[in-house]
Amino acid sequence: MYYVPDDTERCGYYECSSCGSRFLDVRIGPQLVCPYCGEEPDMEIGPDDEMPKIVENAKLIRMIEGEDVEKYDQLLSLAVTGGDYSWI
Ligand SMILES: [Zn+2]
């Protein structure tokens with residue numbers, strides 16, 4: 001498994017509206033911070049600086065459950081390495 005741990009029974013299938021990345025995540029919510037282009041909080045920021053804005057660009061497309069988790073994980077993993085995922 002590439003995106004989620006083995007034996008994951010349910011996960012979310014997300015697409016980033018900013019960079020177009022598609023991925024699975026065990027965290028399920030309407031939107032997440034994109035792991036590819038999302039900004040992680042800058043830990044070196046001073047206490048007087050403005051908090052960095054976290055942009056949740058990745059939107060939940062659908063829930064994936066059961067056997068589909070492994071299927072989607074494999075197919076999306078192939079997509080990352082250059083496969084064609086336009087069928088999804
Ligand atoms: Zn992104």
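Summarised in this report is the structure supplied together with it. (Residues numbered from 1 in each chain as written. Predicted model: local features only at pLDDT ≥ 70, side-chain atom pairs only at ≥ 80, totals over all residues. Heavy atoms only, no water.)

**Here's the deal with the nonpolar core**
Grouped burial of nonpolar side chains is what soluble globular proteins tend to show.
Then step 1. Grouped together as the largest cluster of nonpolar side chains are 15 residues, with contacts concentrated most on Leu24, Ala58 and Ile64.
Then step 2. Per element, the largest residue contribution to this core is four residues, and it comes from strand S1 (residues 10-16). (Core = buried A, V, L, I, M, F, W, Y, C linked by side-chain atoms within 4.5 Å. Buried < 20%, exposed > 50% of the residue type's maximum accessible area, 1.4 Å probe, protein only. Helix = DSSP H or I, 4+ residues; strand = E, 2+ residues; numbered from the N terminus.)

**Re the coordination of the zinc ion**
Then step 1. Cys16 (SG), Cys19 (SG), Cys34 (SG) and Cys37 (SG) make up the full set of protein donors to the zinc ion, lying at 2.3 Å.
Then step 2. In this structure, the zinc ion is surrounded by four donor atoms whose angles at the metal cover 106 to 113°, and the resulting shape is tetrahedral.
Then step 3. Sequence positions of the residues that donate to the zinc ion give the spacing C-x2-C-x14-C-x2-C. Residue Cys16 is located in strand S1, and its partner Cys37 is located in the loop between strand S3 (31-32) and strand S4 (58-65); the two are separated by 21 residues in the primary sequence. (Donors = N, O, S within 2.8 Å, 3.2 Å for Na, K, Ca; no water. Tetrahedral: all angles 85-135°; square planar, octahedral: opposite > 155°, others 65-115°.)

**Comments concerning the sheet that holds S1**
Then step 1. Overall, antiparallel pairing links the four strands, which are arranged S2-S1-S4-S3 in an open sheet. Taken across any chain shown, the strands that pair with only one partner, and hence form the sheet edges, are strand S2 (22-25) and S3.
Then step 2. Here S1 pairs with S2 via four bridges, running antiparallel. Paired with Tyr13 across the bridge in S2 is Leu24. (Pairing = 2+ DSSP bridges.)

**Things to note about the pattern of salt bridges**
Then step 1. What the rule picks out here adds up to four salt bridges.
Then step 2. The partner of Arg22 in a salt bridge is Glu15, with the nearest N and O atoms 2.6 Å apart.
Then step 3. Assessed through its relative accessible area of 24%, Arg22 is described here as partly exposed.
Then step 4. One salt bridge in this structure joins Lys71 and Asp68, with 3.4 Å as the shortest N-O distance. (Salt bridge = Lys/Arg side-chain N within 4 Å of Asp/Glu carboxyl O.)

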